[in-house]
There are 2 protein chains.
Amino acid sequence: MAVLVQKYGGTSVGDAEKIRHVAGRIAAARRAGNSIAVVVSAMGDTTDRLIELAESVSGAPDPRELDVLLSTGELVSCTLVTMALREIGEEAVSMSGAQAGIRTDTAHGSASIVEFDAERVQQALDAGRIVIVAGFQGVTHEMDVTTLGRGGSDTTAVALAAALGAERCEVYTDVDGIYTADPRIVPDARKLSEIGYEEMLELASYGAKMHPRSIELAAWYNTPVLVASSARDVPGTLIHEVAPTEAGVEGEGMEVANKVRGVTYERGVARITLRAVPDRPGIAAAVFEPLAESNISVDTIVQNASAERLTDLSFTVDRTDLRAALEVTEGVAGAIGAGECVSHDNLGQVSIVGTGMQNAPGVAAVMFSALAEAGVNIEMITTSQIRITCVVDEGQVNDAVRTLHDAFELGEG
Amino acid sequence: MAVLVQKYGGTSVGDAEKIRHVAGRIAAARRAGNSIAVVVSAMGDTTDRLIELAESVSGAPDPRELDVLLSTGELVSCTLVTMALREIGEEAVSMSGAQAGIRTDTAHGSASIVEFDAERVQQALDAGRIVIVAGFQGVTHEMDVTTLGRGGSDTTAVALAAALGAERCEVYTDVDGIYTADPRIVPDARKLSEIGYEEMLELASYGAKMHPRSIELAAWYNTPVLVASSARDVPGTLIHEVAPTEAGVEGEGMEVANKVRGVTYERGVARITLRAVPDRPGIAAAVFEPLAESNISVDTIVQNASAERLTDLSFTVDRTDLRAALEVTEGVAGAIGAGECVSHDNLGQVSIVGTGMQNAPGVAAVMFSALAEAGVNIEMITTSQIRITCVVDEGQVNDAVRTLHDAFELGEG
């Protein structure tokens, strides 16, 4: 009997009617002959309401207490889903994170899973029961409740699937899959039927619906993850290990052969350029260590080839971090004998993502010429194994996304 | 350092402002040099709302799941009180029933405490922390969450006080103590400064604010319980072992010497009389066993002295049980060769309660003549060691309570 792990997000269990709907879906999967474990998030805006409640009694709620408070949201939803399943005749049982065997470190508010002993879940599955696990939570070795922070319930689901050796982790949410681009910008954006872990990571870090940590976990354990809609019965997107194939191969693998899988973007990007930097070992560390210490996250970094042992060093940060980053960088500039510091705070970036790209040198050329034809000036370029990113003027981001989506023929039909 | 256990009910922690108020009271007790453990109920109507939520997804919510769901109410309030204490500079830590060491049987919805290992609470107190324990809940040996049913949080508090060997268990609620009678009926009802466990048991079983199980537990461990108002800073009522004293003794023990401590009442009483019952061994069992099997609770039982080996047997039941009780009793009447079955469904009862009564035969006479003078007809009489109860017409209950309160001079001044 195949073991499936399903995960339902907060909007999918937002009220009694939705909970009954979810119970019906779970029961259908069970009756189809699968062994089912389910992970649920807190109902709707429960977590926000609990945070408000905490802030109504404390300016800075204690992290340990806040974790216990927040963990109640998932306890409520998982017991309600269990009751709804029993109401329609299914043998179901709820488990808290602790009962399910999720042991974490003590980093309250953003704990990491250190051990997942799924024995109790496995025993219940073996006894023919559907197990409903409270997402987002675990316990320390002292049995203190922790929460897993952002993407926590997705992480619980993938970790449970890995611990059970499940055939698949199905993540049901309010979107029905992963798209080639943001449908709000590109009306003919197409839903992908499958995507690789690394591709998904690149897409996810640009705003898609699964947190990178859960994708990384799925990749590490090679657990296939299906992202689909909880409301509509339409095919979702399967995130799994995609074997690279050649373009033009017929059948299931064909879509994979399209080297560019999607277009992503980001706004609110600021760039700092440090001019006339002495080109000697240790300079990059001298610039970026103080930024890291100030908790400023640096994204794209470009260092031009040096001329006469002086180079220009550019990097991007989130616009909200620009002022702090400039302060740090100007201090460093003096210390290392670099020239002036200039900034530009009105940028965005567009990226094309796909695992096949590295073996297809033409892809970059197509990207650059398409942007040029559309009149989009490229401010910076960076590439990774599966991604090419261009920093552009923020006002041209939408045009750039649409242009690239067309250029790589990612749309429907 | 004296260890105090305080318990705050749902209305006392009903919103953020009340929670901050409660935190202030706890902090004051701590700063007065006590070691403090606190038990809290769920905020306001939380438990009712959770039950509604359960009933919105299931006609008959599974008891195990319902217990997990309901237990979240106390987790929320205990973390909020803890946060509010930390906000005002107190070292406080919350504990779930499981963390506090409350082990119960598996009777979901009405579990009994089988073991209270308060070691973790004690260690935290020893470290100078205030411990806030979620009331109403425990765990089974399989770490399944249970709830203690009616009076659960009071029971948690008394059990914690007993386990810690606390000096006193202070129960803060929306009333400020135990009164000589219901103040809605008797305007000059007086608050008692102290009362014995058994007296409190008799008063509690007639509708006062603490559940008998928590009083029985306190009596068993000889733990003094103070019932007082969480809103107003006025003296409450101390429930403790009261030494019988002679009337007229001066000083603190004087009040105790008033043999009658209070007047209680009940409405909605129905009586069934089985006439011409053969007076032989086993007859009472033949009548009352079938009633118990039908889950009908019988209160007062009176059997008159027999004449010619035939007797009349009367007993009272709650009015809502009358129809079912009659059906059972009529079946039994035929089987044992008794006469007709008659019922009266419009009764109530009034009781006077006090430990000194048994040594003061005049008390019963005062009660009966006072009722006679007020024109109240007595339908049945029963007595226990510390209580005399008269069944009367329901419409005369209020008159009877006021009459008795006056007759025993229980009022103010």
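Coordinates for the structure precede this section.
Residues numbered from 1 in each chain as written. Chains lettered and ligands numbered in written order. Predicted model: local features only at pLDDT ≥ 70, side-chain atom pairs only at ≥ 80, totals over all residues. Heavy atoms only, no water.

Peer 1: Is there a simple way to think about the overall build of chain A in this case?
Peer 2: Across its full length, chain A carries 13 helices and 18 strands. Over its C-alpha atoms chain A spans a radius of gyration of 24 Å, differing by no more than 12% from the 22 Å that the globule rule assigns to 413 residues. Buried residues in chain A amount to 54% of all 413 residues. Total accessible area on chain A is roughly 17,600 Å²; 48% of this is exposed by carbon and sulfur atoms. Charged side chains in chain A number 31 positive and 59 negative. The centres of these two groups are separated by 4 Å. (Helix = DSSP H or I, 4+ residues; strand = E, 2+ residues; numbered from the N terminus. Rg over C-alpha atoms; globule rule 2.2 N^0.38 Å. Buried < 20%, exposed > 50% of the residue type's maximum accessible area, 1.4 Å probe, protein only. Areas by Shrake-Rupley, 256 points an atom, 1.4 Å probe, with all protein chains shown as cover. Lys, Arg positive; Asp, Glu negative; His and termini not counted. Charge placed at Lys NZ, Arg CZ, Asp CG, Glu CD.)

Peer 1: Would you mind going over the pattern of salt bridges with me for this structure?
Peer 2: Side chains that differ in sign of charge can pair as their charged atoms come close. Counted according to the given criterion, the structure contains 38 salt bridges over all chains. Between E170 of chain A and R168 of chain A there is a salt bridge whose closest N-O contact spans 2.6 Å. According to the relative accessible area criterion, E170 of chain A is buried, its value standing at 4%. According to the relative accessible area criterion, R168 of chain A is partly exposed, its value standing at 26%. The partner of E202 of chain B in a salt bridge is R387 of chain B, and the shortest N-O contact between them spans 2.6 Å. With E202 of chain B in helix α7 (residues 197–204) and R387 of chain B in strand β18 (residues 387–393), this pair connects stretches of sequence that are 185 residues apart. Across the pair, exposure class does not vary: E202 of chain B and R387 of chain B are buried alike. Each member of the salt-bridge network shares a partner with another, and the members are R64, E65 and D144 of chain A together with R120 of chain B. (Salt bridge = Lys/Arg side-chain N within 4 Å of Asp/Glu carboxyl O.)

Peer 1: Which parts of the structure should I look at to understand unusual backbone geometry?
Peer 2: Glycine aside, residues mostly have negative phi, and peptide bonds are mostly found in the trans state. Here F136 of chain A, not a glycine, exhibits a phi torsion of approximately 80 degrees, which is positive. By the element assignment, F136 of chain A lies in the loop between β6 (130–134) and β7 (137–139). The residue A276 of chain B is not glycine, and still its phi comes out positive at about 50 degrees. Examined against the element boundaries, A276 of chain B turns out to sit in strand β13 (residues 262–278).

Peer 1: Looking at this structure, how should I read the packing of aromatic side chains?
Peer 2: What characterises a pair of aromatic rings is the spacing of the ring centres plus the angle enclosed by the ring planes. Residues and elements named next belong to chain A. What the rule picks out here adds up to 4 aromatic pairs over all chains. Here the aromatic rings of Y8 and Y172 are separated by 5.1 Å at their centres, their planes lie at 15 degrees, and the arrangement is stacked. Placement of the pair is Y8 in strand β1 (residues 3–8) and Y172 in strand β9 (residues 168–173), with a sequence separation of 164 residues. Over the ring of Y172 we find R25, and its NZ or CZ is 4.7 Å from the ring centre. (Phe/Tyr/Trp six-rings, centres within 6.5 Å; stacked < 30°, edge-to-face > 60°. Lys NZ or Arg CZ within 6 Å of the ring centre and 35° of its normal.)

Peer 1: Before we go on, may I ask you to explain the sheet that holds β13 of chain B in this structure?
Peer 2: Within a sheet, each strand pairs with its neighbour through backbone hydrogen bonds, oriented either parallel or antiparallel. Residue and element names in this part refer to chain B. Pairing is antiparallel across the open sheet formed by 6 strands, whose spatial order is β14-β15-β13-β16-β18-β17. Where the open sheet ends on each side, the last strands, each with one partner, are β14 (298–303) and β17 (378–384). Here the average twist between neighbouring strands, direction ignored, is 30 degrees. Across 4 bridges, the pairing between β14 and strand β15 (residues 310–318) is antiparallel. What sits directly across from Q303, in β15, is L313. Against the sheet, helix α10 (residues 283–293) makes contact with β13, β14 and β15, and its axis sits at roughly 20 degrees relative to β15, the strand it touches most. Sheet contacts for helix α13 (residues 397–407): β13, β16 (341–353) and β18; angle to β13, the most-contacted strand, approximately 115 degrees. (Pairing = 2+ DSSP bridges. Axes fitted to C-alpha atoms, helices over the stretch in contact; angles between N-to-C directions. Contact = heavy atoms within 4.5 Å.)

Peer 1: Would you mind showing me how to read the side chain of Q349 of chain A here?
Peer 2: If you trace the backbone, Q349 of chain A turns up in strand β16 (residues 341–353). Here D299 of chain A takes part through its side chain, which lies 3.2 Å from a polar atom of the side chain of Q349 of chain A. (Polar contact = N/O pair within 3.5 Å; in protein donor to acceptor, adjacent residues only side chain to side chain.)

Peer 1: Is there a simple way to explain the relation of the copies chain A and chain B in this structure?
Peer 2: Mapping between the two chain copies consists of a rotation about an axis together with a translation along that axis. Placing chain A over chain B gives an RMSD of 0.2 Å and needs a rotation angle of 179 degrees, together with 0.1 Å of translation along the axis. Here the transformation between the copies is reduced to the relation of a two-fold axis. Relative to the rotation axis, the closest C-alpha in chain A is found at T72 of chain A, a distance of 2.7 Å. The residues that chain A uses at the interface reappear at the interface of chain B in 100% of cases, marking a shared surface. (Least-squares fit on C-alpha atoms with pLDDT ≥ 70 in both.)

Peer 1: Got a minute to help me understand the environment of S71 of chain B in this structure?
Peer 2: All names here are of chain B. Along the polypeptide, S71 turns up in helix α3 (residues 63–87). On the basis of relative accessible area, S71 is assigned to the buried category, the value being 2%. Along the primary structure S71 and A42 are separated by 29 residues, whereas in three dimensions their C-alpha atoms are 8.5 Å apart. Setting aside anything within four residues of it in sequence, one finds S71 in contact with Q137, V145 and T147. Reaching out from S71, the side chain makes a polar contact with the backbone oxygen of V68 at a distance of 2.7 Å.

Read these as layout, nothing more, since geometry by itself doesn't imply function.
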